[in-house]
Amino acid sequence: MKLLEKALKLADTALVRYGSLGASAALMLLGAYLALVWSPEAAGETAVYRIVYFHVPTAIMAYLGFFVTFAGSFLFLWKKEMLFDRVAKTGAELGVLFCGLMLVTGMIWGKQRWGAWWIWEPRLTTALILLIIYAGYLILRSTIDNQMTRARYAAVFGIVGFLDVPVVHFAIKMWGSIMHPVVIKSLAEPGMPPEMLNTLRVCLLAFGALFATLFLLRLRVENLAAEIAALRSNHEG
Amino acid sequence: MNEILRTAHAILLKDMKTEFRSREFLGHTFMFALLVIVIFNFAFKINPQNTPELASGILWIAFLFAGTLGLGRSFLIEKENDCIQGLGLSPVDRTAIFIAKFLGNLFFLVIIQIMTIPVFIVLYNLNVMEHFTLQTAVFLLGDIGFMTLGTLIAAMSVNLKAREILLPVLLLPLLVPLLIFAASATAALLTGGEPDTYMGRLKLLAAYDVIFFVVSALVFEYIMDEL
Amino acid sequence: MNYLFGAYGIIWLVLFGYVFLIGRKTAKLGEELEALRKSAKAR
């Protein structure tokens with residue numbers, strides 16, 4: 001874990017930060033171009049299908065964020081290093097952000113496909129529940145003033161919450177098949193033409209870079225705040 | 001292991017003694033569960049045809065709400081009497097406290113259910129316990145999962161500023177899978193589903209229970225250190 | 001088609017907004033840190 005701490009500290013330089021911001025921006029633009037202009041028309045779908053190129057990555061990034069929270073929570077309980085608590089908080093915030101984006105893009109896509117802003121479809125519903133769970137995590141954090149208590153409680157919730165993620169996923173899928181026996185086909189079928197797959201890959205990479213950038217930037221805020229708090233208590237001491 | 005169980009037993013007995021003296025709370029919670037069941041009748045058009053489908057939902061929601069109330073209470077009494085410090089300082093394995101609280105909460109919920117279900121049967125004219133063993137299994141397994149996470153979250157929320165509202169806000173989303181498994185199993189039993197369906201659900205419930213009981217018991221100590 | 005622009009638009013807006021907010025917070029904290037360090041040196 002010392003390695004992890006060192007890696008995080010090394011990455012906290014202006015070069016890395018601005019560099020990854022620039023790289024993410026470039027990749028995102030490339031991805032957008034590929035998604036909106038370059039990739040071919042989909043059979044039987046209107047141009048709105050292109051939402052999927054951004055929708056799928058936001059979903060994956062949301063799950064990544066939740067995993068980061070889980071890892072941070074676990075590491076915090078194990079090693080008692082506050083850095084890991086900050087990592088967990090950042091992960092949750094990013095997870096909630098991307099989960100929200102996933103919901104919005106999913107709803108817009110759904111409105112076009114099914115005519116309604118919302119249907120209780122497994123993926124959307126799961127995203128909604130996960131969003132609520134992790135919003136709960138952030139709310140929990142905001143109600144505790146004591147640093148240690150907050151870190152501990154959040155860590156416990158972060159672990160339990162993440163364990164629930166696959167269960168929620170599975171349970172809602174099961175529930176969905178009870179409610180909507182008609183299978184809703186997703187666009188990411190194996191018979192996807194290579195151009196589409198590549199576009200998706202690029203967009204995924206772009207969002208991954210974006211996630212890493214946002215993570216570093218957001219974590220830095222937390223680290224700065226922690227440093228300030230430490231200095232303050234030294235002054236008073 | 002025996003040490004833990006013995007300690008849990010002791011704490012459980014203590015809780016039982018203090019709680020049974022305040023039988024009022026049991027009565028109040030029962031009234032609440034009853035109210036939920038009755039209110040549903042006014043909120044929805046319930047007729048003999050759709051009752052089997054809706055019954056499962058009504059029951060489980062009533063128990064979720066009533067159970068959540070009972071959970072909040074089980075740690076609140078400690079906090080109010082400042083017993084929590086005593087509990088936290090005592091050199092017992094935290095797991096023992098968790099097991100004791102869990103069992104106490106479970107017992108409380110089961111009593112509420114035993115009191116509420118007959119009333120439901122009469123009011124809605126539906127024998128919910130027709131497949132007695134299976135239905136009991138569903139309720140028990142559902143209760144266990146509910147009280148596992150519930151005990152954990154309640155222990156946390158009792159220390160928070162907005163404890164009454166945070167307990168359901170934090171707990172209920174985590175319980176969504178449990179609700180799905182349990183309510184659909186109950187519904188399957190009531191509407192004459194296939195054995196595969198509810199046996200499958202029962203297995204899922206059992207798996208849910210095991211996973212979360214183990215995890216909750218393991219992480220519980222990290223909460224208790226703050227108390 | 002409007003949906004498409006709407007979806008992409010929202011994503012870009014939200015992301016830009018988030019980065020902007022982070023930037024502002026970072027700047028503010030940076031100033032605070034500098035101020036604290038200076039006052040520590042002054043002692």
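Just so you know, these numbers come straight off a predicted model, no measurement behind them. (Residues numbered from 1 in each chain as written. Chains lettered and ligands numbered in written order. Predicted model: local features only at pLDDT ≥ 70, side-chain atom pairs only at ≥ 80, totals over all residues.)

K.L.:
Explain the packing of helix H2 (residues 23–43) of chain B against helix H5 (residues 94–124) of chain B here, please?
P.N.:
The relative placement of two packed helices is expressed as an angle between their axes plus a distance between the axes. All names here are of chain B. Relative orientation of the contacting elements H2 and H5 amounts to 35 degrees, with a least axis distance of 10 Å. Here H2 runs over H5; the crossing is right-handed. Note on element contacts: H5 touches H2 through Ile 111, Ile 112, Met 115, Thr 116, Val 119, Phe 120 and Leu 123, opposite Leu 26, Thr 29, Phe 30, Ala 33, Leu 34 and Ile 37. Taken together, the residues that form the contact of H2 with H5 break down as eleven nonpolar, two polar and no charged. (Axes fitted to C-alpha atoms, helices over the stretch in contact; angles between N-to-C directions. Helix = DSSP H or I, 4+ residues; strand = E, 2+ residues; numbered from the N terminus. Left-handed = near helix turned anticlockwise from the far one by under 90°. Contact = placed C-beta atoms within 7 Å. Nonpolar A, V, L, I, M, F, W, Y, C, P; charged D, E, K, R; others polar.)

K.L.:
Even after reading the chapter, I still don't get unusual backbone geometry, so can you show me in this structure?
P.N.:
Peptide bonds are trans in most cases, and residues, glycine excluded, mostly fall at negative phi. Phi at Lys 80 of chain A takes a positive value of approximately 60 degrees, unusual for a residue other than glycine. Residue placement: Lys 80 of chain A occurs in the loop between helix H3 (51–79) and helix H4 (82–114). Phi at Asn 125 of chain B takes a positive value of approximately 55 degrees, unusual for a residue other than glycine. With respect to the secondary-structure elements, Asn 125 of chain B resides in the loop between H5 and helix H6 (132–157). For Asn 125 of chain B, a count of 9 C-beta atoms within 10 Å corresponds to the exposed category. (Buried ≥ 20, exposed ≤ 12 C-beta atoms within 10 Å, placed from the backbone.)

K.L.:
Please explain the interface of chain A and chain B as it appears in this structure.
P.N.:
Accessible area lost upon the coming together of the parts serves often as the stated size of an interface. Taken together, the contact between chain A and chain B spans 26 residues of the former and 23 residues of the latter. Broken down by element, the residue count for the side of chain A that touches chain B peaks at 17 residues, all from helix H6 (residues 147–179) of chain A. Here the side of chain A that touches chain B is built from residues that sort into 20 nonpolar, four polar and two charged.

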